[in-house]
Amino acid sequence: MTVPAAPDGEAPASASAAASASPATACTATAAAGTVTAGTADAGTAAGPAAASAAGAVASGTTAALPGLPQALSARARTLAGAVRRRCADLARIESPSGDAPRLDALAEELAAGFRATGATARREPGPAGDHLVIEWPGRDESLPHLLVVGHHDTVWPVGTLADWPVAEQDGRLTGPGVVDMKGGLAVLEGALALLADLGQRPHRSVRLVVVSDEEVGSPDGRRLVERQLRGAAAVLGLEPPHPDGRLKTARRGSTRVRLTVTGREAHAGNDAHDGVSAVDELVDQLVLVRGLAGQPGTELNAGRISGGSRANVVAGRAEAELGLRFSTVEAQRRTLDNLARLTALRPGARVRTEVLSSRPAWPERTGNPLLRHVRSLAAVLGQQLDGAPAGGAGDTNLPGSRGLPTLDGFGAVGAGAHARHEYIRLDQLAPRIALLAALLAVPLPRLRDRGEG
């Protein structure tokens, strides 16, 4: 699918025509209904007395002005929600499983086109299993450190899932493979930037979005791209879905994928069994030991995949298991991985190898969390109630969070069922999320760290 952007100086004939394209095009059409002239937040002004009054309700002095009326942000977001809903559905219909480079690259080009329509520059960064994206929007004050947003366009769903689970709307929900994790988050961000463009606004500071193609397998290559953009960032936002009740994610457990490979010696299972060394038997015994290690405080284990052997009448010469480990603390992660690295074979002639496939450090909860306070204040001005809580899963925000950078995740579409057949997003929560993200990008950040500009 190609997003048809309006030619320069030419608006779509109607809002309904634009809505069938992309959020950016839909915003161009709604602008005909009357554009709010936004105040300059840098100068501490607003678009009028009503906006100044509403902004004055924000607790933090660093959010003393909103870029235009809060009512206009919310109203325009409601108008745009239909286009964002359709955009999410269209993105979900482009299947993009991790490792499928041609499909991931096709989706990357589609995403780049949509974000360019909001005024961004976009480039593709080659990756071994599909291209990543780096997308940038200029800010009103380019001297400020950038705001980094992280997301991904790969999903856990194999090609062909749409055949028996098509994208569909029912009872106020949009369901389908990848709608909440995280096609919805990408569509919401596109809508928020389109909304700002519609109001004649740019983000307060430059915004960089990194969309990686391998997040669902631990970002083994995408991590380098995220890490590169962390340098000089004022704060980091994640587009993963929030908690099902809408709360943002303020911390994450560490996560590591480990491959345990056992090499034995093949032999005829009937005539020469004594000459063989069963890799399968060795692996089973090693997994019993590993489960004991995972029983230590702060560590959880999931044996996600096991394979080995060739035939029932052949002593298995090779076996392997892929383990998913989660850690509540950096100390638990280090201790468990050290123990796994020291595994040795229990049988003469067998060999055991431990390989870390991907690893994300634990992101601990931050005391006070000024970034969360700031977002809660913005939400209150928009008539929303919002809070945050730690999350059990891991993602690309683990990296900045573990390093103490001001980080929040969960700015994607509200819903539930990630990685499950009941995955869905709530359609009634699209507009509030669009308005919140638009406000967050447009309003100056308060000081978030003791040193340096926030």
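All values reported here derive from a predicted model rather than from experimental measurement.

Asker: Break down the sheet that holds strand 1 (residues 121-125) for me, citing the residues and quoting the values.
Answerer: Spatially, six strands are ordered 1-2-6-3-7-14 in an open sheet, and the strand pairing comes out mixed. Edge positions in the sheet fall to strand 1 and strand 14 (407-408), since each of these pairs with one other strand and no more. Summarising the sheet, strand 3 (residues 147-152) and strand 7 (residues 235-238) pair through four bridges and their orientation is parallel. Along strand 7, the bridge assignment pairs Val-149 with Leu-237.

Asker: Quick rundown of the packing of aromatic side chains? Include the residues and the values.
Answerer: Between two aromatic rings, the relevant description is the distance of the centres plus the angle of the planes. By the definition in use, this model includes two aromatic pairs. When the centroid spacing of 5.6 Å and the interplanar angle of 90° are considered together, the rings of Phe-115 and Trp-137 count as edge-to-face. On the criterion of sequence distance, the pair formed by Phe-115 in helix 5 (residues 101-116) and Trp-137 in strand 2 (residues 132-137) is long-range, its members being 22 residues apart. Residue classification places Phe-115 among the buried residues on the basis of a relative accessible area of 0%. Here Trp-137 falls in the buried class, since its relative accessible area comes to 3%. One cation-aromatic arrangement involves Arg-173 over Tyr-424; the distance from NZ or CZ to the ring centre is 3.8 Å.

Asker: Residue-level account of the pattern of salt bridges, with values.
Answerer: Applying the stated rule across the entire model yields 33 salt bridges. A salt bridge links Asp-221 to Arg-224; the nearest nitrogen and oxygen atoms lie 3.0 Å apart. Between Glu-227 and Arg-403 there is a salt bridge, and its shortest N-O distance comes to 2.3 Å. Taken together, the residues span a long stretch of sequence, with Glu-227 in helix 8 (residues 222-230) and Arg-403 in the loop between helix 12 (398-402) and strand 14 at a distance of 176 residues. Residue classification places Arg-403 among the partly exposed positions, given a relative accessible area of 47%. The network of salt bridges with common partners includes Arg-123, Glu-125, Glu-136, Arg-208, Asp-221, Arg-224 and Arg-228.

Asker: With reference to specific residues and values, describe helix 9 (residues 279-294).
Answerer: In a regular helix each residue adds 1.5 Å, so 16 residues correspond to 22 Å; helix 9 covers 22 Å between its end C-alpha atoms and thus fits that length. Listed as buried for helix 9 are Ala-279, Glu-282, Leu-283, Gln-286, Leu-287, Val-290, Leu-293 and Ala-294. Down the axis of helix 9, the buried set is contained in an arc of 140°. They therefore lie on one face. On its buried side, helix 9 packs onto strand 9 (254-263), strand 10 (299-308), strand 11 (318-327), helix 10 (330-341) and strand 12 (351-360).

Asker: Mind laying out the sheet that holds strand 9, listing which residues take part and the relevant values?
Answerer: Spatial strand order, 10-11-9-12: four strands in an open sheet with antiparallel pairing. In this open sheet, the two edge strands, each paired with only one partner strand, are strand 10 and strand 12. Neighbour-to-neighbour, the strand axes of this sheet turn through a mean angle of 20°, independent of strand direction. Judged from the nine bridges that link them, strand 10 and strand 11 form a sheet pairing that is antiparallel.

Parameters and conventions
Residues numbered from 1 in each chain as written. Predicted model: local features only at pLDDT ≥ 70, side-chain atom pairs only at ≥ 80, totals over all residues. Heavy atoms only, no water. Pairing = 2+ DSSP bridges. Helix = DSSP H or I, 4+ residues; strand = E, 2+ residues; numbered from the N terminus. Phe/Tyr/Trp six-rings, centres within 6.5 Å; stacked < 30°, edge-to-face > 60°. Buried < 20%, exposed > 50% of the residue type's maximum accessible area, 1.4 Å probe, protein only. Lys NZ or Arg CZ within 6 Å of the ring centre and 35° of its normal. Salt bridge = Lys/Arg side-chain N within 4 Å of Asp/Glu carboxyl O. Expected span 1.5 Å × (residues − 1). Arc of directions from axis to C-beta. Contact = heavy atoms within 4.5 Å. Axes fitted to C-alpha atoms, helices over the stretch in contact; angles between N-to-C directions.

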